[in-house]
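# Fold and geometry: a report
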Amino acid sequence: MSSIVNRARSSSLPNLLAWRALGFRTICSGRLGFAPSDPDSPASAGTKILESFKEEFEVGSRVVSFETGKIARFANGSVVLGMDQTKVLSTVTCAKTDSPRDFLPLTVDYQEKQYAQGLIPNTYMRREGAPKERELLCGRLIDRPIRPLFPSGFYHEVQIMASVLSSDGKQDPDILAANASSAALMLSDVPWRGPIGVIRIGRIYGQFVVNPTMDELSSSDLNLIYACTREKTMMIDVQAREISEKDLAAALRLAHPEAVKYLDPQIRLAEKAGKQKKEYKLSMLSEKTLEKVTDLAATRIESVFTDPSYGKFERGEALDNIGKDVRRVFEEEGDQESLSILPKAVDTVRKKVVRSRMISDGFRVDGRNLDEVRPIYCESSYLPALHGSALFSRGDTQVLCTVTLGAPGDAQSLDSLVGPPKKRFMLHYSFPPYCTNEVGKRGGLNRREVGHGTLAEKALLAVLPPEEAFPYTVRINSEVMSSDGSTSMASVCGGSMALMDAGIPLRAHVAGVSVGLVTDVDPSSGEIKDYRIVTDILGLEDHLGDMDFKIAGTRNGVTAIQLDIKPAGIPLDIVCESLENAREARLQILDHMERNINSPRSQDGASSPRLATLKYSNDSLRSLIGPMGVLKRKIEEETGARLSINDGTLTIVAKNQAVMEKAQEKVDLIIGREIVAGEVYKGTVVTIKEYGAFVEFSGGQQGLLHMSELSHEPVSKVSDVLSIGNYITVKCIDTDVRGNIKLSLKALSPKPKRKPESDPEKYPVMKESSTVSIETSSVGETVASMPSIVTPPQKSKLAVPAVVIRTAVECDEAEKSSPVDKNNKPKRAATPKPDRKPKSTASKLTASQKEKEALELCAPEEIIAECGETLKQDRKLKPASPKNNSTASIVSDSNLVSSSKAKKSTRKEDQYENKAEESATVSTRELKIGTEMMAKVQQVRPLGLVLDLGGGIRGMYKFEDNEETEFEEGDTLQVKCTSFTTKGIPEMVLVDEEED
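From a predicted model like this one, the values you see are computed outputs, not experimental measurements. (Residues numbered from 1 in each chain as written. Predicted model: local features only at pLDDT ≥ 70, side-chain atom pairs only at ≥ 80, totals over all residues. Heavy atoms only, no water.)

With that out of the way, let us pick up the overall build of the chain. In terms of regular secondary structure, the chain is built from 20 helices and 38 strands. Looking at the 996 residues of the chain, the share that counts as buried comes to 47%. When contacts within the chain are restricted to residue pairs at least 6 apart in sequence, long-range pairs at least 24 apart make up 69% of them. Surface summary for the chain: the accessible area is close to 50300 Å², and the carbon and sulfur share equals 50%. (Helix = DSSP H or I, 4+ residues; strand = E, 2+ residues; numbered from the N terminus. Buried < 20%, exposed > 50% of the residue type's maximum accessible area, 1.4 Å probe, protein only. Contact = heavy atoms within 4.5 Å. Areas by Shrake-Rupley, 256 points an atom, 1.4 Å probe, with all protein chains shown as cover.)

Right, let's talk about the packing of aromatic side chains for a bit. Inspection of the entire model under this criterion finds 10 aromatic pairs. A centroid spacing of 5.4 Å and a plane angle of 85 degrees characterise the contact between Phe57 and Tyr262, whose relative ring orientation is edge-to-face. Of this pair, Phe57 sits in strand S1 (residues 53-59) while Tyr262 sits in the loop between helix H5 (245-260) and helix H6 (263-273), and the two are 205 residues apart along the sequence. Comparing Phe57 with Tyr262, the two get one shared label, buried. Aromatic side chains Phe470 and Tyr472 sit 4.8 Å apart centroid to centroid with 40 degrees between the ring planes, which places their arrangement in the tilted category. Tyr472 shares its class with Phe470; the two are buried. Looking at Lys292, its charged tip hangs above the ring of Phe330, at a distance of 4.9 Å from the centre. (Phe/Tyr/Trp six-rings, centres within 6.5 Å; stacked < 30°, edge-to-face > 60°. Lys NZ or Arg CZ within 6 Å of the ring centre and 35° of its normal.)

With 16 residues, H5 should cover 22 Å at 1.5 Å per step; its first-to-last C-alpha distance of 23 Å lies within 8% of that length. Buried within H5 we find Glu245, Leu248, Ala249, Ala251, Leu252, Ala255, His256, Glu258, Ala259 and Val260. (Expected span 1.5 Å × (residues − 1).)

A separate point is the state of the cysteines. Using the criterion set out here, one finds zero disulfides in the structure. Here Cys493 is not cross-linked by a disulfide; its sulfur's nearest cysteine counterpart is in Cys378, at 8.7 Å. (Disulfide = S-S within 2.5 Å.)

In this chain, Gly194 is followed by Pro195 through a cis amide linkage whose omega measures 5 degrees. Position of Pro195 relative to the elements: it lies in the loop between helix H3 (173-187) and strand S7 (197-204). Residues other than glycine seldom take positive phi values, yet Ser381 does so here, at roughly 55 degrees. Along the chain, Ser381 falls in the loop between strand S11 (376-380) and strand S12 (388-394). Judged by relative accessible area, Ser381 falls into the partly exposed class, the value being 26%. Positive phi values are uncommon outside glycine, yet Ser486 reaches one of about 60 degrees. Tracing the backbone through its elements, the reader meets Ser486 in the loop between strand S17 (473-482) and helix H12 (487-501).

Looking now at the nonpolar core. Counting 135 residues, the largest nonpolar core has Phe150, Leu499 and Ile504 as the members making the most contacts within it. Among the elements that line this core, the one with the most residues is helix H14 (residues 572-596), at 11 residues. If you look at the next biggest cluster of nonpolar residues, it comprises 27 residues, including Leu290, Ile301, Leu319 and Ala345. (Core = buried A, V, L, I, M, F, W, Y, C linked by side-chain atoms within 4.5 Å.)

A separate point is the sheet that holds strand S20 (residues 547-553). The strand order S8-S7-S9-S10-S21-S20-S18-S19 describes an open sheet built from eight strands, whose pairing is antiparallel. The open sheet has two edge strands with one neighbour each: strand S8 (207-210) and strand S19 (528-535). Between one strand axis and the next, the sheet turns by 20 degrees as a mean value, whatever way the strands run. In this sheet, S8 lies alongside S7 in antiparallel orientation, the contact comprising four bridges. By the bridge assignment, Ile204 is partnered in S8 with Gln207. Against the sheet, H5 makes contact with S7, S8, strand S9 (222-228), strand S10 (233-243) and strand S21 (558-565), and its axis sits at roughly 45 degrees relative to S9, the strand it touches most. (Pairing = 2+ DSSP bridges. Axes fitted to C-alpha atoms, helices over the stretch in contact; angles between N-to-C directions.)

Our next topic: the pairing of strand S5 (residues 106-112). Every second residue of S5 is oriented toward a common face, the buried set being Leu106, Val108, Tyr110 and Glu112 and the non-buried set Thr107, Asp109 and Gln111. Sheet analysis places S5 next to strand S6 (residues 158-166), joined by seven bridges and oriented parallel. By the bridge assignment for S6, Leu106 is matched with Val158. One crossover worth recording links S5 to the parallel S6 by way of helix H2 (residues 133-146), and it is left-handed. (Right-handed = clockwise from strand over helix to strand, strands pointing away.)

Here we come to the environment of Glu679. Mapped onto the fold, Glu679 is located in the loop between helix H17 (657-670) and strand S25 (680-688). Accessibility expressed as a relative area gives 39% for Glu679, which makes it partly exposed. Between the C-alpha atom of Glu679 and that of Lys731, which follows or precedes it by 52 residues, the distance is 5.9 Å. Leave out the neighbours within four places in its chain, and Glu679 touches Val730, Lys731 and Cys732.

Taken together, Leu669, Ile670 and Tyr727 make up a surface patch of nonpolar side chains, about 260 Å² in accessible area. Here Ile670 shows up in helix H17. (Patch = residues over 30% accessible without salt bridge, like charges linked within 9 Å, V, L, I, M, F, W, Y side chains within 5 Å. Salt bridge = Lys/Arg side-chain N within 4 Å of Asp/Glu carboxyl O.)

Considering the arrangement of structural elements, one finds Ser478 in strand S17. By relative accessible area, which is 0% here, Ser478 ends up buried. Within the structure, Ser478 has its side chain in polar contact with the side chain of Ser491 (distance 2.6 Å). Setting aside residues up to four positions removed in sequence, Ser478 forms contacts with Val399, Leu400, Cys401, Leu427, His428, Tyr429, Ser430 and Ser491. (Polar contact = N/O pair within 3.5 Å; in protein donor to acceptor, adjacent residues only side chain to side chain.)

Turning next to the pairing of strand S2 (residues 62-68). Buried residues dominate S2, accounting for six of its seven residues. Here S1 runs beside S2; their pairing, made up of seven bridges, is antiparallel. For Phe57, the partnering residue across the bridge sits in S2 and is Val64. Here S1 hands over to S2 after two residues, with Gly60 in that stretch at a positive phi of 65 degrees. In the sheet, S2 pairs with strand S3 (residues 77-83) via four bridges, with the strands oriented antiparallel. The residue bridging Val64 from the neighbouring strand is Met83, located in S3.

Glancing now at the pattern of salt bridges. Close approach of charged atoms lets side chains of opposite charge pair. Inspection of every chain in the model, using the stated rule, returns 48 salt bridges. Across the salt bridge formed by Lys423 and Glu133, the nearest N and O atoms sit 3.8 Å from each other. Here Glu133 lies in helix H2 and Lys423 lies in strand S15 (residues 422-423), a separation of 290 residues in the sequence. Salt-bridge contacts for Glu541 lead to Arg364; the nearest nitrogen and oxygen are separated by 2.9 Å. Taken together, the positions of Glu541 in helix H13 (residues 539-544) and Arg364 in the loop between helix H10 (342-361) and S11 put the pair 177 residues apart, joining distant regions of the chain. A single burial state applies to Glu541 and to Arg364, both of which are buried. Ionic contacts of the salt-bridge type, sharing partners, join the residues Glu112, Arg134, Asp172, Asp174 and Arg200 into one network.

A few words on the confidence of the model for the chain. Across the chain, the average pLDDT comes to 78, with 76% of residues at or above 70. Below pLDDT 50 for its whole length, residues 1-5 participates in one contact with residues either more than four positions away or in separate chains. Considering only residues more than four positions removed or in separate chains, one finds that residues 757-808, a stretch of pLDDT under 50, has 117 contacts. (pLDDT = per-residue confidence, 0-100.)

Take the sheet that holds S25 next. Around the barrel, five strands lie side by side as S25-S26-S27-S29-S28; this closed barrel has mixed pairing. Strand after strand, the sheet turns through a mean of 55 degrees between neighbouring axes, direction not considered. Examined bridge by bridge, S25 and strand S28 (residues 727-735) share five bridges and lie antiparallel to one another. Residue pairing for S28: Tyr681 is matched across the bridge by Val730.

Another aspect to go through is the side chain of Lys550. Mapped onto the elements of the fold, Lys550 is located in strand S20. Classification of Lys550 by relative accessible area gives buried; the value is 5%. A distance of 2.5 Å separates polar atoms of two side chains, one belonging to Lys550 and the other to Asp548. Excluding anything up to four places from it in sequence, Lys550 contacts His452, Leu455, Ser488, Met489, Val513, Ser514, Ala560, Ile561, Gln562 and Asp564.

It is at 9 Å that the axes of helix H11 (residues 447-461) and H12 come closest, and there the two elements cross at 45 degrees. Here H11 is positioned oblique relative to H12, judged by the angle of their axes. You can see that H11 and H12 cross each other, and the crossing is right-handed. Taking contact as the criterion, the partners of Arg448, His452, Leu455, Ala456, Ala459 and Leu460 in H11 are, on H12, Thr487, Ser488, Met489, Ser491, Val492, Gly495, Ser496 and Leu499. Of the residues belonging to the contact of H11 with H12, the class tally is seven nonpolar, six polar and one charged. (Parallel < 35°, antiparallel > 145°, perpendicular 65-115°, else oblique. Left-handed = near helix turned anticlockwise from the far one by under 90°. Nonpolar A, V, L, I, M, F, W, Y, C, P; charged D, E, K, R; others polar.)

Structure, rendered in structure tokens:
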């Protein structure tokens, strides 16, 4: 021994490695050995010998390997499991001391780091943070089949850590991690009644596939994870697309022998490199204490459980009082050892009483039969202001589910090693403390809440429409209002109803129910002597029973399953039998749900969500995003809508129509839309001219809103209607090849109807057909003349047709022969006496004057002109009624109103100004200089009169110096047109009675 010490002291290695000088080799698998050494060789750093053990076998069509000894050698047990290029490390450690507790503090942590696929995390710190949802779910997947196999009374703290070392993206590492954890427990000194095997089964085109790849799973209608021991089932997790119970049972029976293939390699590996199991102290109940508690409390506990009038809290309070009475007895006796395990003893007595009554009598705690479902209440549209909502109650369990629809960009990003990068359907389950009348604190992600929410999410995902038909992102919030068992299945029912209420076209309703199991086990052999399957279990039955089998699906089949058990496995035959019990209960629940809502609700309300998909060029979308997304975020903040941009496509999602319109206006102002004639746009008045206004809209584009398109009534000044900065809604009525855009304001308002006057003597109503005479001048100008009144055919001195169409030459000759001299100032009528008004009553008018008056009153609609282009209107002449005995004569040719030629402008003006100058006098083309007519005084002003010439035409009459102005509104005057203003307003003078 002294020579060994001298060799160690003479070694030139650092103290940390001085043990090599002793000749010890690498510590592998918990054993220490000597390394061969040559006494003649100089002292140098030795070669470390890593003694590793490996087991390879084949499952399905792939080779699987267990390896230990190379890495994580200090852990109580460590195994690396590999399949193809995917490798997972699982380690097991156990606390050295046993703290006082009455449960097993088992912790399972699963972690995926980005280095496993050759990436750097895209976070600010460039490192992984808190566990993600997938990591929590994989941890639960490992925990559920492992926990029941620890011996009863083993309360030492155990931690299992599974880490993905490398991933090729072909295999999901969750199954590998579960099998590696089982092997690590077999190698450790922790007492555990394993091993277990975990397998995944898929179904593609009706054929079952063992260990499918991720690509195969994407086309599979079944994703079954099955865990078992050699003879019994430990855990089942299923996501399917309405698979029948018969096919599911066949998949389970196929999965069992495939999972058993993992067991023998683990046993062989443990024989080679495993540690001796350590004797840990177990907290066991003494038979003496258990018998004493049974004598004191069994009868009273049975009376509580046999009284169905007790509610959840009344029953719990009664049981607590029994426990306090038992504790008081033990305190009086001073039995401290029994007091430390008293809660466990009382709970054991409760379990025996409830289970024996179910097996022997077939009755349950609340008095129901074993296959009876609790009373159900369901209500959709509970919160009508939301996109969708539903309230579902089963017994005392109540869940409120709400649905929120979002843009495709609202989808959740998944930073997992395998699977899709985004998730567009989410169900978030919340279990607040008040639902069980407890005081608690809300924290971050809870493993139980994540697990229950994911189960309900998988159940509903099977009936959602494909993304191509329904591009929304959907989020369901499931808030547990009160809990007395099976809240996750209530979330499935409430979530299905809420989706229907939101108008989502589901293929069918989905309902879920939880099935329990109570067994009578032979203590000596551990075999099940008798059992009862319990449908729709209470929270107490879940606690005191052996199984919690959650099954969700439609009328056609199963969509999701989660099986958790408490004993060390149950036979597969009992599991398959439970499927049929769950189906019958599911159909009863579906009946209640379909009576409330059986089809997607139509979304026509004000609060209904809206989605719009618009196509733009990528350059336009870049301008919408702005630098660092500033403009996009600003629009979202100001409107409340969500904008999603993806390669030439802009998707806008708003919570209602008002928000959608506001968001589209913002987008249009930035990048605009393609201008289409007939579409309605909103814009801002930027410039006002004499002939109209320019409106900026749709991404900075400008269009002309001509003054003739402002209103159905004549407008004298554009500024009377519009001001710069006004935000108005206009309609595009035309676009030309040069890109000029013509807008209209009056096209959005209904055209007012003219009502005939009630006084037939003053304004005679005649059956007529107003016809516009279209005349074409030599310069190609289209002119509309005044209409001619059509009377019944009578003998007349003037055989003039009712409608006269003249050529331009005839118009010129008629103009030259007109007695009106444009150069001389026309004579005006004598000033009326102060004591009388101008002679204008209908009784003193000649027949010809009455006919002219009727002509003015029956003027046709104003001809619309857009930027100098005249819109021609043609009306068919209606035949006059022969029954009309009116003696009114036909208007002579000299009295027919014709249009004058438009003079060419000698000044070069802007394109819009030239066209507008022509269209500005459209309303006055129905008049000619020298035309006499009857007019009504519309307004009396200090400098003159505003005259109503009929047909919506206004004229003006200016007072002369010292003229008596005793006129009143409504007076009828005979006037004559003498000239037009620059804006096209006719100037009139009064006609003397003597001149007539």
